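Commentary on secondary and tertiary structure
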Amino acid sequence: MTATHLATLAGHVEIVKELIKGMSEELEKENNDGDTALCMAAYNGKTKIAQLLVEKHFALIGFPTPSELIPVSIACMRGHKEATHFLYSVTAEHFKDFGKNNIILLNDAVFNNMFDIALDIVKNEPHGLGTKSCERCHSALVTLSSMPAAFSSSTRFSFWQRLIYQYIPVQQPDCTRVREYDPGMYKEPSQPLAGLMRFLEFIGIKKIYETKLIHVQALQLLRHICRESSDPIDAEQYEEITTALFRAVKNGITEIIVEIIQEYPDMMWKRTNDYKRDIFQYAIEKRQEKVFSLIYGLDARKVPLITSVDSHQNNMLHIAGYLAPPTQLAHISGAALQLQRELQWFQEVEGIMNARSKETLNKNGETPKQVFTTNHKDLVIEGEKWMKEFATACSVVGALIITIMFAAAFTVPGGSDGDTGLPLFLHKTSFMVYIVSDAIALFTSSASVLMFLGMLTSRYSEEDFLKSLPRKLVFGVFTLFCSITAMMLTFCAALVIMLKGQLAVIVPIVVLASFTVGVFVVLQFPLLFDILHCTYGTIFTRKMEPWLSK
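Quick summary incoming for the structure in this document.

We now examine the overall build of the chain. Along its length, the chain carries 25 helices and 0 strands. Taken over the C-alpha trace, the chain has a radius of gyration of 32 Å; the compact-globule value for 550 residues is 24 Å, which it surpasses by more than 25%. When the backbone C-alpha atoms are referred to their principal axes, the chain occupies close to 110 × 70 × 40 Å. Across the 550 residues in the chain, those meeting the buried criterion constitute 48%. For the chain, the proportion of contacts with a sequence separation of at least 24, taken over those separated by at least 6, is 77%. Working note: accessible area of the chain is about 27500 Å², and carbon and sulfur atoms make up 59% of it. Charged side chains in the chain number 52 positive and 57 negative. The centres of these two groups are separated by 5 Å.

Positive phi, normally seen in glycine, also occurs at N113, with a value near 60 degrees. Since its relative accessible area comes to 28%, N113 is described here as partly exposed.

What follows deals with helix 8 (residues 115-124). Judged by how many residues are buried, helix 8 sits mostly within the fold: 7 of 10 residues are covered. Residues of helix 8 that are buried: F115, I117, A118, L119, D120, I121 and V122. At its buried positions, helix 8 is contacted by helix 6 (81-91), helix 7 (101-111), helix 9 (140-145) and helix 12 (205-227).

Here we take up the pattern of salt bridges. This model, assessed by the stated rule, comprises 15 salt bridges. In this structure, the salt-bridge partner of R277 is D310, at a minimum N-O distance of 2.8 Å. With a gap of 33 residues between them, R277 in the loop between helix 14 (254-263) and helix 15 (279-286) and D310 in the loop between helix 17 (302-307) and helix 18 (316-321) connect regions that are remote in the sequence. You can call D310 buried: its relative accessible area is 3%. Between E348 and R542 there is a salt bridge, and its shortest N-O distance comes to 2.6 Å. Here the residue E348 occupies a position in helix 20 (residues 335-352), and R542 occupies one in the segment after helix 25 (503-536), the gap between them amounting to 194 residues. Relative accessible area serves as the criterion here: at 48%, R542 is assigned to the partly exposed category. Connected through shared salt-bridge partners, R277, E285, K286 and D310 make up one network.

Parameters and conventions
Residues numbered from 1 in each chain as written. Predicted model: local features only at pLDDT ≥ 70, side-chain atom pairs only at ≥ 80, totals over all residues. Heavy atoms only, no water. Helix = DSSP H or I, 4+ residues; strand = E, 2+ residues; numbered from the N terminus. Rg over C-alpha atoms; globule rule 2.2 N^0.38 Å. Buried < 20%, exposed > 50% of the residue type's maximum accessible area, 1.4 Å probe, protein only. Contact = heavy atoms within 4.5 Å. Areas by Shrake-Rupley, 256 points an atom, 1.4 Å probe, with all protein chains shown as cover. Lys, Arg positive; Asp, Glu negative; His and termini not counted. Charge placed at Lys NZ, Arg CZ, Asp CG, Glu CD. Salt bridge = Lys/Arg side-chain N within 4 Å of Asp/Glu carboxyl O.

These values are about where atoms sit, not about what they do.
Take a look at the structure:
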């Protein structure tokens, strides 16, 4: 390496500035790996050094590496956003002269969420660039279909995150200035703004805003790629679009599926290479409920799709009878709830099938119900084990609360009057709180134990996991929570009676009691909400607006 190579590698801006004085074509010298100093600056994201080198010898922007990558492609491939924006600003006008680098740069810009650059490329390069590939990479459309986090339909949010996401404002991306490098965009914010940004990051709003911005930019890029594709498309582009379609189905990206089929309606009848399954059969196989729900937005054209079979004579209901991919089951807590989700899938698909299709035999001579039973027998056993272990543990807790609360009802704080037998603090409000909360704790813990005992003696057939067992679990967990809360309230009321206004002692103990209840809420309520959502809600969208024009 030359001294310029070494200084660039070390990131010494001032040394590079001194070394290149009086140089021009000498900067074209390559090291043993075939890299110029500008390529090295691009590899390491050294934007200021790249500026010095380009100002000194502009032709360096087109000097490729042995793998034929020019500096802007190198910086983008490495994910250096600032360096990429600078190099793109000086390279974009000459981009047509650099061969396959436009496909490579577009692909890497998409992969690294630089959608402003990607959109500028597809707007200014020949139509159909977003569906073209080269020997180094797939097309940008295929890359988009492999990025579920870039689209809202396949991004998982909690309730409060979804609420913030819905109302947080994000402007449509403006790519008109992407060819003008602004170093101010990458400067550290001033102290007050830095504090605000740290606060927004702490509460999660900054992350949600950035996520929504990516979603808006990715959707705009997707629509431009699909609607500005060359017509007619060649065989290579057709294969890329097909690959993107089925990857989008696998990853649950409904935006890509809708855009592709709206632009190329015949793609709705396309089938996979292995089992010859269409997009809705493939969605059932991969358990992508949002993709499957698109079938409700079709008109009479969905009838042939519902009755079609794959290469093994499996119809939709047969496919729903097979076990879901482990990656999909991993998002659901416990084997019992996983089985419930599988039953919901089978029930949903069964609802759109005709009576004859429900009894159709596949290549192995099995009906859909037989396929489901065969493939889920192990999950039924695991679900029963999970339910019983959970019920046993909760029953022990409930029994302890019953014992404590029963004893507390007859061992009142302050004692009783020797003559009448009445509690000494009978007329105090705190005593009434004590006795009422004690009764509530006793009754709710008893109800909880009885419900969990009922779960232990259930028959645990497949159908029980759909509604019966989850309802018992919801009731048992909720009553157990009520009993724990009432028990803590009983304890706090007893302290108030006994300590007679000693707030310095009472307040910290009440806070600790509240902390105990909070721990239970944090640990068990997410499970409770999951059960409630799965049992009384639905993961499917049956009221789907028509999305495919005639």
